[in-house]
Amino acid sequence: MTGSILSIAKIFAHSLKFKFKHLFTLPSRPRYINLSFTYICNSRCLMCDNWKRYKDEPKKLNQELTLKGYEKFFSENDYWLSDLRNIGIAGGEPFLRSDLVDLVKLIHKNFPKIKIGLQSNGLAPQKTADVLRRIIKFYPDISLGVSLDGIGKTHDKIRGISGAYEKVLQTISEAKKAGVKEINSGMTIVADNFSEILEVKEVVEKEKVKFACFLADEGEYYNKQSKNGLDEKVKNSVIKSLKEFSGDYYLDNLRLQLEGKRKRNLPCYSGWTSLVIDPYGEVRPCVLRSDSFGNIKNSPLSEILTGEKAKAIREKIKKCSCWSICEATTSAIIDPWDVLFWFLFYADKKNFLKQYFSKLENQT
């Protein structure tokens, strides 16, 4: 317990450095990188149009970064990548690239202490399990995120694939057999599945999988700009379901914001401590913004992150108020002062402390 308290104190003290950089729009070495490894996708999701990219522009597939491109990026940016804590590999569907194992091996070789996570739609259980077994031989701590957006036909409809629900459950089962120790499941809340939040939670937790849910986002990352808004009836139902998560900082604040009881007070550190690199090498601050700091094919991070263009984009980010799970959670780890305020005045403290100390132990 004493060690955990000291770790918390260290985190809060360390956050002051990032607050200073945020205040004066100074560049920072990233701690979290989301690699969009490919836009190839075998799903047909209602809330994401990535699967349409190469149907509309097939020649663009040839512009995706090769393994040599990633190798060059990692080798030429030692200093600017020296604070990395986590690399997430997503898509599209990253398991559709034949060199996924080689990418994970490359990352682990260059950054043996960082955590690597894979994101999947779970539509290819056996292929996914085979890839995971190969990875676990050299990196047993790989984590897996699998999307589940409803029960049975609800998930199938949202993902646009018949039988998708059963394939996701099979993927989870096969991943556990392969030896994956940490599996997470994310549910995108839309008008078709809002009433099934707690049912999905029950299903995945029965499988010993951590559950999370979030509203559908829009932006370049999803190749979709249209609004995925919820009407009043749906919103009230979501609020009711989210009351079950009073010890979860992200989900409880989502509820409070939907109720109009809290605004986002957490500073956004996207573009400072977290980055998204798309399949073509464009360095973006987050999954929602189309702005690019620059391209890793053409320039090192020392130029990309310190230039006037990057500074101008970060100035815009200071005004952002989204509550995307990818961005809010990493910002809360970097700058936990809003977490403290929420904990003191809003949280179910017993549930929160149980979850927080568990996460803290995993990070230290």
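Structure shown above.
Residues numbered from 1 in each chain as written. Predicted model: local features only at pLDDT ≥ 70, side-chain atom pairs only at ≥ 80, totals over all residues. Heavy atoms only, no water.

**Considering unusual backbone geometry**
Backbone torsion omega between G91 and G92 reads 15 degrees, so that peptide bond is classified as cis. Structurally, G92 can be placed in the loop between β2 (86-90) and α4 (100-110). Backbone geometry at T25 places phi at a positive 55 degrees, although glycine is not the residue there. Structurally, T25 is set in the loop between α1 (2-23) and β1 (32-36). Owing to a relative accessible area of 4%, T25 belongs among the buried residues under this scheme. Backbone geometry places K208, a non-glycine residue, at a positive phi of 65 degrees. Position of K208 among the secondary structure elements: in the loop between α8 (197-206) and β6 (210-215). (Helix = DSSP H or I, 4+ residues; strand = E, 2+ residues; numbered from the N terminus. Buried < 20%, exposed > 50% of the residue type's maximum accessible area, 1.4 Å probe, protein only.)

**Here's the deal with the packing of aromatic side chains**
Enumeration over the complete set of coordinates arrives at 15 aromatic pairs. Measuring from centroid to centroid gives 5.4 Å for F73 and F74, while their planes differ by 50 degrees, and the two rings are tilted. Take F73 and F74: they sit in the same class, and that class is buried. Ring centres 5.1 Å apart and planes at 80 degrees place the aromatic pair W342 and F352 in the edge-to-face group. In this pair, W342 is assigned in helix α14 (residues 337-345) and F352 in helix α15 (residues 349-363), connecting sequence segments ten residues apart. Given a relative accessible area of 0%, W342 falls into the buried group. In this structure F352 comes out as buried when scored by relative accessible area, which is 8%. Among the aromatic residues, those joined into a cluster by ring pairs are Y249, Y250, W323, W342, F343 and F352. Above the face of the Y39 ring, R53 is positioned so that its terminal group lies 3.7 Å from the ring centre. Across from the ring centre of Y280, 4.3 Å away, lies the NZ or CZ of K60, which sits over that ring. (Phe/Tyr/Trp six-rings, centres within 6.5 Å; stacked < 30°, edge-to-face > 60°. Lys NZ or Arg CZ within 6 Å of the ring centre and 35° of its normal.)

**Details of the pairing of strand β7 (residues 274-277)**
Burial along β7 is two-sided: S274 and V276 facing one way and L275 and I277 facing the other are all buried. Examined bridge by bridge, β1 and β7 share four bridges and lie parallel to one another. Along β7, the bridge assignment pairs I33 with L275. The pairing of β7 with strand β8 (residues 282-284) spans two bridges and is antiparallel. (Pairing = 2+ DSSP bridges.)

**Thoughts on helix α10 (residues 249-259)**
Taking burial as the measure, the eleven residues of α10 include nine buried ones, the bulk of the element. Taken together, the buried positions of α10 are Y249, Y250, L251, D252, N253, L254, R255, L256 and L258. Elements that come into contact with the buried residues of α10 comprise β6, α9 (232-242), α13 (325-334) and α14. A positive phi of about 80 degrees marks G260, the residue just after α10. (Contact = heavy atoms within 4.5 Å.)

**Here's the deal with the nonpolar core**
In terms of nonpolar packing, the biggest core is built from 87 residues, with F74, I89, I107 and L118 touching the most fellow members. Ranked by size, the runner-up nonpolar core spans 13 residues in total, among them C45, M47, A216 and Y221. (Core = buried A, V, L, I, M, F, W, Y, C linked by side-chain atoms within 4.5 Å.)

**Concerning the side chain of D83**
Summarising the element assignment, D83 is placed in the loop between α3 (67-76) and β2. Polar contacts involving the side chain of D83 include one to the side chain of R29, which spans 3.4 Å. If we ignore the near neighbours within four places in the chain, the residues touching D83 are R29, P30 and R31. (Polar contact = N/O pair within 3.5 Å; in protein donor to acceptor, adjacent residues only side chain to side chain.)

**Concerning the pattern of salt bridges**
Tallied over the full model, the rule gives 22 salt bridges. The partner of R29 in a salt bridge is D83, and the shortest N-O contact between them spans 3.4 Å. Residue R29 is found in the loop between α1 and β1, and its partner D83 is found in the loop between α3 and β2; the two are separated by 54 residues along the sequence. Take R29: its relative accessible area is 24%, and that puts it in the partly exposed class. (Salt bridge = Lys/Arg side-chain N within 4 Å of Asp/Glu carboxyl O.)

**Section: the sheet that holds β1**
Hydrogen bonds between backbone atoms are what pair the strands of a sheet, whose relative direction is either parallel or antiparallel. Strands sit in the order β6-β5-β4-β3-β2-β1-β7-β8-β9 across an open sheet of nine strands; the sheet is mixed. Of all strands in the sheet, those with a lone pairing partner are β6 and β9 (294-295), marking the two edges. Note: strand β5 (residues 182-189) against β6, six bridges, orientation parallel. Directly across from G186, in β6, lies its bridge partner A212. Strand contacts of α8: β5 and β6, with the helix running at about 155 degrees to β6, the strand carrying the most contacts. (Axes fitted to C-alpha atoms, helices over the stretch in contact; angles between N-to-C directions.)

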